[in-house]
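# Structural features, examined
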Amino acid sequence: MVLHARSVIGTPTPPASRPKLRQVRVLLAHEVGVATNEERGRYRSADPKRVLDDARAAAAYGVAAGKPWEYSWMLGRDGSVFTQAGEYRASHCLNFNDESAGVIFLNALGLAPTEAQIEAWWFLRGHAVDLGVLAADHEVWPHYRYRATSCPGVLATTPGARWNAPSGDPGARLGHLIDALTVPAVLPPPLPAPDPDPIPSPLPEVFRMLIIVGNDANHSDPRRWVWDGGSVMRLLTSEADYNRLLERDRVGLVKLHPAFSTLASPFWMAASELREYGQAA
Ligand SMILES: [Zn+2]
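First things first, this report covers the structure right here in the doc. (Residues numbered from 1 in each chain as written. Predicted model: local features only at pLDDT ≥ 70, side-chain atom pairs only at ≥ 80, totals over all residues. Heavy atoms only, no water.)

With that out of the way, let us pick up the pattern of salt bridges. Any two side chains of opposite charge can pair if their charged atoms end up close together. Taken as a whole and assessed by the stated rule, the structure comprises eleven salt bridges. Among the ionic pairs, Asp241 bridges to Arg234, the shortest N-O distance being 3.0 Å. Overall, Asp241 belongs to the buried group, its relative accessible area being 5%. Arg244 serves as the salt-bridge partner of Asp241, at 3.7 Å between the closest nitrogen and oxygen. Of the two residues, Asp241 and Arg244 are both situated in helix H4 (residues 239–250); the distance of three residues between them amounts to about one turn of the helix. (Salt bridge = Lys/Arg side-chain N within 4 Å of Asp/Glu carboxyl O. Buried < 20%, exposed > 50% of the residue type's maximum accessible area, 1.4 Å probe, protein only. Helix = DSSP H or I, 4+ residues; strand = E, 2+ residues; numbered from the N terminus.)

Encoded structure:
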């Protein structure tokens, strides 16, 4: 991605009297839309030299047509960005130029944006916000949403119903840009690197949860046992004994049953069963 100054494409500097855009809420996408079918035709290549030549041709056309600042920026197929009006008001959408900025994709008719263009589009949106041209929460729309036009072709969905556009053009139609230009790309989280030499887990393959047990025959009996759910039952000798258990649970050496892990709400076991484990109930 390269951001080129106006001089690179022969676009003159706008006069100081030209208004500047301040935090406008709409960015419109355009395309050149020239039908060049031949292999080496204009606005088809992503070769930087040819993209620069294409941008100069588009800029020269604008100067000759009396619209040297028609678009805010031009976007080449190699991802190069060329400043045209830049932070100044452009003239890309009649009766809506004070409310919007415009980016033209230098794409021949029917050519989808390249990956480099999509990346540059997102860069440019951030850059325009940094410049204060676009509001941070700006929206992006196809040209046809504000004027009767087939622009910007494959960059947008098929135009839908007419609507009451703020430009006042009764031929404006509803619709939106393609997802690549409207939905922020979210990078998938990086995959964890495989551990070439994993540390052996201290946990056995089958890992029983430890259960804190109380005497169901007498809930005021302060004694608590720790039971592995199988054949091992041990009396907790002190609060420190219990705290050691909690610490071992914290570091992953043992696992306390989440429902029966506190002294206050143990698993209440029948006295007869406690006796089977050799505990005097
Ligand atoms: Zn357009």
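Looking at where Cys151 falls in the secondary structure, it is placed in the loop between strand E6 (134–142) and helix H3 (179–182). Residue classification places Cys151 among the buried residues on the basis of a relative accessible area of 10%. If sequence neighbours within four positions are ignored, Cys151 has contacts with Ala29, His30, Glu31, His143 and Tyr144. (Contact = heavy atoms within 4.5 Å.)

What follows covers the sheet that holds strand E2 (residues 24–31). A sheet is described by the order of its strands in space; here six strands give the open sequence E1-E4-E3-E5-E2-E6, paired in mixed fashion. Edge positions in the sheet fall to strand E1 (3–4) and E6, since each of these pairs with one other strand and no more. (Pairing = 2+ DSSP bridges.)

Right, let's talk about the sheet that holds strand E9 (residues 233–235) for a bit. Read across the open sheet, the four strands follow the order E9-E8-E7-E10; overall the sheet is mixed. Of all the strands in the sheet, just E9 and strand E10 (267–269) have a single pairing partner and so form its edges. For this sheet, the mean inter-axis angle between neighbouring strands, taken without regard to orientation, is 35 degrees. (Axes fitted to C-alpha atoms, helices over the stretch in contact; angles between N-to-C directions.)

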